Amino acid sequence: NATAAARIGLKGIVMSDHGPAMEYAPPDFNISTYSFLPEYIEGIRVYRGIEANIIDYKGTVDIPDKYLKYLDYMIAGIHEVVISSGGKTKDTEAVIGALNNKHVDIIAHPDNPSYELDYEAVVAEAAHLGKLLEVNDHSFEYRKGSLENAAVFIKLCKKYGVRVAVSSDAHSAFGIGRNETAIETLLQNDFPEELVVNLTQARFDQYIEERGKRIR
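The notes below deal with the structure included here. Treat the numbers as computed from the prediction; the structure is a model and nothing was measured.

Details of the packing of aromatic side chains
Turning to step 1, where the next piece is worked out: All chains considered together, the criterion is met by four aromatic pairs.
Turning to step 2, where the next piece is worked out: Taking the centre distance of 5.3 Å and the plane angle of 65 degrees together, the rings of Tyr 73 and Phe 204 count as edge-to-face. Placement of Tyr 73 in strand S4 (residues 73–77) and of Phe 204 in helix H7 (residues 201–214) is noted, with a sequence separation of 131 residues between them.
Turning to step 3, where the next piece is worked out: For Tyr 73, a relative accessible area of 4% corresponds to the buried category.
Turning to step 4, where the next piece is worked out: With relative accessibility at 7%, the residue Phe 204 sits in the buried group.
Turning to step 5, where the next piece is worked out: Between Tyr 73 and Tyr 207, the aromatic rings sit 6.4 Å apart at their centres with planes inclined by 85 degrees, giving edge-to-face as the arrangement. A residue pair is termed long-range when its members are at least 10 positions apart, and Tyr 73 in strand S4 and Tyr 207 in helix H7 qualify at 134 residues.

Next up, the structure:
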């Protein structure tokens, strides 16, 4: 992954495998092996992350607190293979509950059409907490209807001043840095560059420093 990132001129990547509630994902204790991972590989800053699964409508995630100290960045996602939709109220409560976990930085692919979210409520809570939403390029290809949903929450993020992270959501080294549709969608909605938290490495590092203060 680092080699692929270096080849296309990226400055850093977030390693963020799925949490253990998803079948075939690594067990939670594997996170502790991050302590052996170099901070830089081939000149690429490697941020230690996880895409935790939201496992109930309270927003509980599947990573025990004792492993969270190994993480630089925590994504929380709601996935069909872990929890099915409970309808608009419950789905929204699940996402808002996850946002209120101090370790969670960002909600993964909130555009997922398998869930019905009150985007105004989710974005307003993200604004209140200083949290992020993901603009996930892979989701636009993989989930029919996600592009239309993304346009809705992107406009609300603009309205509330909520920061986003643009993600390739690469499932292999061959997908590293592929985020053309996500960028095009932001441009089409005149989304402010200053709200894209990973536009530059310096800006992302500033966020990592910010989150460090939050979780103390």
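A closer look at empty space enclosed by the protein
Turning to step 1, where the next piece is worked out: According to the stated counting rule, one finds one cavity of 30 Å³ or more in the structure shown.
Turning to step 2, where the next piece is worked out: Of the volumes computed, that of the largest cavity is approximately 40 Å³.
Turning to step 3, where the next piece is worked out: When grouped by side-chain class, the residues that make up the lining of the largest cavity number seven nonpolar, two polar and no charged.

A look at the environment of Ile 55
Turning to step 1, where the next piece is worked out: When you line up the elements, Ile 55 lands in the loop between strand S3 (44–53) and S4.
Turning to step 2, where the next piece is worked out: The partly exposed category is assigned to Ile 55, whose relative accessible area is 36%.
Turning to step 3, where the next piece is worked out: Counting along the chain gives 33 residues from Ile 55 to Met 22, while the straight-line C-alpha distance between them is 9.7 Å.
Turning to step 4, where the next piece is worked out: In contact with Ile 55, not counting residues within four places along its chain, are Ala 21, Thr 60, Val 61, Asp 62, Val 82 and Ile 83.

With respect to the nonpolar core
Turning to step 1, where the next piece is worked out: Ile 63, Met 74, Val 135, Phe 153, Cys 157 and Phe 191 are the most contacted members of the largest nonpolar core, which totals 42 residues.
Turning to step 2, where the next piece is worked out: For this core, the secondary-structure elements that each account for two or more residues are S3, S4, helix H2 (88–99), helix H3 (119–129), strand S6 (132–136), helix H5 (146–160), strand S7 (164–167) and helix H6 (180–188).
Turning to step 3, where the next piece is worked out: Apart from residues no more than four positions distant in its own chain, Ile 63 is found in contact with Gly 19, Pro 20, Ile 31, Ile 50, Ala 52, Leu 68 and Met 74.
Turning to step 4, where the next piece is worked out: If you look at the next biggest cluster of nonpolar residues, it comprises eleven residues, including Ile 75, Ile 106, Leu 132 and Val 197.

Some thoughts on the packing of H2 against H3
Turning to step 1, where the next piece is worked out: At a closest axis distance of 10 Å, the pairing of H2 and H3 adopts a crossing angle of 10 degrees. Taken as axis vectors, H2 and H3 run roughly parallel relative to one another. Side by side, H2 and H3 meet where Thr 92, Val 95, Ile 96 and Leu 99 of the first sit next to Ala 121, Val 122, Glu 125, Ala 126 and Leu 129 of the second.
Turning to step 2, where the next piece is worked out: Of the residues that constitute the contact of H2 with H3, the class distribution is seven nonpolar, one polar and one charged.

Observations regarding the pairing of S6
Turning to step 1, where the next piece is worked out: Burial runs high along S6: five of the five residues are buried.
Turning to step 2, where the next piece is worked out: By the alternation rule, side chains of S6 split into Leu 132, Glu 134 and Asn 136 and Leu 133 and Val 135, which are all buried.
Turning to step 3, where the next piece is worked out: With respect to chirality, the unit in which strand S5 (residues 106–107) leads through H3 into the neighbouring parallel S6 is right-handed.
Turning to step 4, where the next piece is worked out: Where S6 lies against S7, four bridges are found, and the strand directions are parallel. Across the sheet, the residue bridging to Glu 134 is Ala 165, located in S7.

Rules behind the numbers
Residues numbered from 1 in each chain as written. Predicted model: local features only at pLDDT ≥ 70, side-chain atom pairs only at ≥ 80, totals over all residues. Heavy atoms only, no water. Phe/Tyr/Trp six-rings, centres within 6.5 Å; stacked < 30°, edge-to-face > 60°. Helix = DSSP H or I, 4+ residues; strand = E, 2+ residues; numbered from the N terminus. Buried < 20%, exposed > 50% of the residue type's maximum accessible area, 1.4 Å probe, protein only. 1 Å grid on protein atoms, 1.4 Å probe; cavity = no way out; pocket = protein on both sides within 12 Å on 5 of 7 lines; lining within 4 Å. Points joined across faces, edges and corners; volume = space filled by probe spheres on them. Nonpolar A, V, L, I, M, F, W, Y, C, P; charged D, E, K, R; others polar. Contact = heavy atoms within 4.5 Å. Core = buried A, V, L, I, M, F, W, Y, C linked by side-chain atoms within 4.5 Å. Axes fitted to C-alpha atoms, helices over the stretch in contact; angles between N-to-C directions. Parallel < 35°, antiparallel > 145°, perpendicular 65-115°, else oblique. Right-handed = clockwise from strand over helix to strand, strands pointing away. Pairing = 2+ DSSP bridges.

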